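# Observations on chain architecture
So you can see what is in the structure, the chains are spelled out below.
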Amino acid sequence: MSTTENDALKSSTNEAEPQDLSGLSRRKFLGGLGGAAAATMAAGVVGLEPLMDAAATAEASNSTSAGIARRNRAWQVRKDAADFWKSQPVATHPTNGDEERYPNRIANYSKGLPHNSLGEVDQAAYNSMLAACISGNPDDFNNMILAPGSIKLTNPQSGLAFDMEGADIQALAVPAPPALASREQAAEMTENYWMALLRDVNYLDYGSSPLVAQAVADLNAFGADYKAPKVGGQATTQTVFRDIAPGTTVGPYISQFMWLPTPFGVEFVERKMWTKAPGVDHLQSWSNYLAAQNGIIVEAPSFLGSRKYITNGRDLSEWVHIDVLFQAYFNACLIMMTPPDGSDIGGGLGVPFNAGNPYNGNPTQNGFATFGPPAVKALLCEVASRAVKTTWHKKWQVHRRLRPEHMAARVEVHVNRSPGRYNGALHSSLFSTSVLDRIESHNGGTLLLPMAHHEGCPTHPSYTAGHATVAGACVTILKAVFDTENRPIPNPVVPTSDGLALEPYTGQTLTVEGELNKIASNVATGRNASGVHWRSDAYESLRLGQRMAVSILRDYKAMHNEPNISYNFRGFDGERII
């Protein structure tokens, strides 16, 4: 113990007046007794005092020693985690080379900066943004050149933050996105066009819709460059716009966790939502599109006026427009954790914890602040925060990928406003699709992407995707914590055609794991349906979020006193993660 610590301890022990239960000090208590009684009592107390002081000093000394040991152990736990992550290979971040390939920056994000009449960014303004992203200097971010009156750019410095748990946000890399001139990019643009045109078609009607069949034919023309799930090498009306994760092609497009009523403590949340009016799209005229790129919002939303369940792409687009960061997965957690009807507070699925929970079968204890319900819910928030930061690093400090609305504007300029301007920069396969004529007719003369949101895309780059990375991270936690594999969803539901009620679903068995994967896909590809992200954004971001969550679980195990902690589940590619 240091001299300073010992002096402080002595001062505290000798000078403070101990209080009895009545709140009287020792001195006041003795002063209130008669002379003989006081003398007798004082003699007894004085005789005991050295022993009491010695015991208190020893107790405090032991307490301080324990505190020092605890402090050292806490330091060691953090140091061990830091040493592990330092021992891992340094991440490299490949790009598609488009930023260097096109000096006019037509393949990169630039919304909120000034643009010319063809929607091409002012070079000085772009360079000011690029310089800030490269330097990381806060003053450089403050000096970026925005368009006059523009809304602000969204948090370009968050990818420079540090965290105390899991892999560093910059230590996780993703593959380069498809290049502007690639056939895969053309396939993704075709998919985005079709998703926009099909926003008002009920997902449950995809199998009978001639328009969906035409979309499938257009997309299958891209062969392996259209990376949706396939049956016999071909996308179908059941697999179009879906993902490859286990369970995501089974049953309805929308996850049960988007429809089932949600227990919220003693409250019960019906899942009907406010949504947008059918047939109303945005930024279809060149003037409105150009205003939005310069950060000026000139259109207004048009709401339906009544609440309904999610039935189509327009509903899903609005759900992922203003959702709370981890809302979908918190809802799923509440549904899984709450016992079924018949209990004191029921209405959930009562999914048990995974076999690796250290309190499974414990004879005397339940988990709570660790490995119990509060811990699980807090962990969802934790990984969501880390997921957003790692994806923001890829957006601003690495890729700066353009959004689908920008790509569609390149198509519009190349075909209608300055024919041939982007020869070699846009893959020819895009121009042999049937969707372009339909888009031009839908828009009244332009090839712009009809946007679900009146402001268009957000004011940050496309790749990777925040919603999808959070989805990947949070669903990974839920699959790690709960026993989800091969566990059927009892009494699944679907909405009625008008979306006003739920009715029983009959069809293939739906599992908890599959519906969790599906809710991650719904949120990720729901952003594509609104026109703000690409298929490759969703695919790679789900896996980026999974890797961030696994890295946090690794550190999480080391921070707890409980023995025999383990996680065993399947990832988004069906791989076993232990």
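Everything numeric here is computed off the predicted structure, so don't read it as measured data.

About the criteria used
Residues numbered from 1 in each chain as written. Predicted model: local features only at pLDDT ≥ 70, side-chain atom pairs only at ≥ 80, totals over all residues. Heavy atoms only, no water. Helix = DSSP H or I, 4+ residues; strand = E, 2+ residues; numbered from the N terminus. Buried < 20%, exposed > 50% of the residue type's maximum accessible area, 1.4 Å probe, protein only. Contact = heavy atoms within 4.5 Å. Areas by Shrake-Rupley, 256 points an atom, 1.4 Å probe, with all protein chains shown as cover. Phe/Tyr/Trp six-rings, centres within 6.5 Å; stacked < 30°, edge-to-face > 60°. Lys NZ or Arg CZ within 6 Å of the ring centre and 35° of its normal. Axes fitted to C-alpha atoms, helices over the stretch in contact; angles between N-to-C directions. Parallel < 35°, antiparallel > 145°, perpendicular 65-115°, else oblique. Left-handed = near helix turned anticlockwise from the far one by under 90°. Disulfide = S-S within 2.5 Å. Core = buried A, V, L, I, M, F, W, Y, C linked by side-chain atoms within 4.5 Å. Expected span 1.5 Å × (residues − 1). Salt bridge = Lys/Arg side-chain N within 4 Å of Asp/Glu carboxyl O.

A few words now on the overall build of the protein. A count of helical and extended segments in the protein gives 17 helices and six strands. In terms of overall dimensions, the protein has C-alpha extents of about 110 × 60 × 45 Å along its principal axes. Counting every position in the protein, which comprises 578 residues, the buried fraction comes to 52%. Contacts in the protein between residues far apart in sequence, at least 24 positions, make up 75% of those at least 6 positions apart. Split by element, the accessible area of the protein, about 25000 Å² in all, is 56% carbon and sulfur.

Here we take up helix α11 (residues 327–337). For α11, a buried count of nine out of eleven residues is recorded, marking the element as mostly surrounded by other parts of the structure. Along α11, the residues classified as buried are Ala 328, Tyr 329, Asn 331, Ala 332, Cys 333, Leu 334, Ile 335, Met 336 and Met 337. Next to the buried residues of α11 lie β1 (262–264), α10 (313–319), α12 (373–399), α15 (466–481) and α16 (512–529).

Another aspect to go through is the packing of aromatic side chains. Counting across every chain of the model gives ten aromatic pairs. Seen in terms of ring centroids, Phe 264 and Phe 330 are 6.4 Å apart; in terms of plane orientation they differ by 70°. Their pairing is edge-to-face. Taken together, the residues span a long stretch of sequence, with Phe 264 in strand β1 and Phe 330 in helix α11 at a distance of 66 residues. For Phe 330, a relative accessible area of 21% translates into the label partly exposed. Between Phe 326 and Phe 330 the ring centres are 6.2 Å apart and the planes differ by 80°, which places this aromatic pair in the edge-to-face class. Every member of this aromatic cluster is reached through a ring pair, and the members are Tyr 203, Tyr 206, Phe 241 and Tyr 253. Sitting over the ring of Phe 303, Lys 276 keeps its end group 5.4 Å from the ring centre. One residue, Lys 479, lies across the ring of Phe 572, its end atom 4.3 Å from the ring centre.

Turning to the packing of α15 against helix α17 (residues 535–558), a few remarks are in order. Packing of α15 against α17 brings their axes to within 6 Å, and their N-to-C directions diverge by 45°. The angle between α15 and α17 falls in the class oblique. The two elements α15 and α17 meet at a crossing, and its hand is right-handed. In this structure, α15 uses Ala 468, Thr 469, Ala 471, Gly 472, Ala 473, Thr 476, Ile 477 and Ala 480 to contact α17, whose residues at the interface are Asp 537, Ala 538, Ser 541, Leu 542, Leu 544, Gly 545, Gln 546, Ala 549, Val 550 and Leu 553.

Applying the stated criterion across every chain, the model contains zero disulfides. Free of any disulfide, Cys 333 has its nearest cysteine sulfur in Cys 381, 9.6 Å distant. In this structure Cys 381 is a free cysteine whose sulfur lies 7.9 Å from that of Cys 474, the closest cysteine sulfur available.

Let's shift gears to the nonpolar core. By size, the foremost hydrophobic cluster in this structure holds 140 residues, and its most contacted members are Tyr 193, Phe 241, Phe 257 and Tyr 329. Setting aside anything within four residues of it in sequence, one finds Tyr 193 in contact with Ala 408, Val 411, Val 435, Leu 436, Ile 439, Leu 447, Leu 448 and Leu 449.

With that settled, consider helix α13 (residues 404–417). Taking 1.5 Å per residue, 14 residues should reach 20 Å; α13 reaches 18 Å between its end C-alpha atoms and fits that length. With eleven of 14 residues buried, α13 lies mostly within the body of the structure. Considered for burial, the residues of α13 that qualify are Pro 404, Glu 405, His 406, Met 407, Ala 408, Ala 409, Arg 410, Val 411, Glu 412, Val 413 and His 414. For α13, the secondary structure elements touched by its buried residues are α7 (183–197), α9 (286–293) and α14 (435–443).

For the rest of this paragraph, the subject is unusual backbone geometry. A cis geometry characterises the amide bond from Tyr 463 onward to Thr 464, with omega recorded as 5°. Among the structural elements, Thr 464 can be located in the loop between α14 and α15. For Asn 155, which is not a glycine, the phi torsion comes out positive at approximately 55°. Look at Leu 283: it is not a glycine, yet its phi comes out positive at around 55°. Note that Leu 283 resides in the loop between β2 (267–269) and α9.

With that out of the way, let us pick up the pattern of salt bridges. This model, assessed by the stated rule, comprises 27 salt bridges. Of the charged contacts in the structure, one is a salt bridge between Arg 386 and Asp 163, with a shortest N-O distance of 3.8 Å. With Arg 386 in helix α12 and Asp 163 in the loop between α6 (138–142) and α7, this pair connects stretches of sequence that are 223 residues apart. As a salt-bridge pair, Arg 401 and Glu 188 come within 3.3 Å of each other at their nearest N and O atoms. Of this pair, Arg 401 sits in the loop between α12 and α13 while Glu 188 sits in helix α7, and the two are 213 residues apart along the sequence. As far as the burial class goes, Arg 401 and Glu 188 line up, both buried. Linked by salt bridges that have partners in common, Asp 163, Glu 165, Arg 386 and Lys 389 make up one network.

Below, the discussion takes up the packing of α16 against α17. Contact geometry of α16 with α17 gives a least axis separation of 8 Å together with a crossing angle of 150°. Comparing their axes, α17 and α16 come out roughly antiparallel. Here α16 runs over α17; the crossing is right-handed. Counting all contacts with α16, which are made through Ala 520, Ala 524, Thr 525 and Asn 528, the residues of α17 involved are Arg 535, Ala 538 and Leu 542.

A word on the environment of Ala 480. When you line up the elements, Ala 480 lands in helix α15. With relative accessibility at 1%, the residue Ala 480 sits in the buried group. Sequence-distant contacts of Ala 480, that is, excluding residues within four places in its chain, are made with Asn 354, Leu 553, Tyr 567 and Phe 569.

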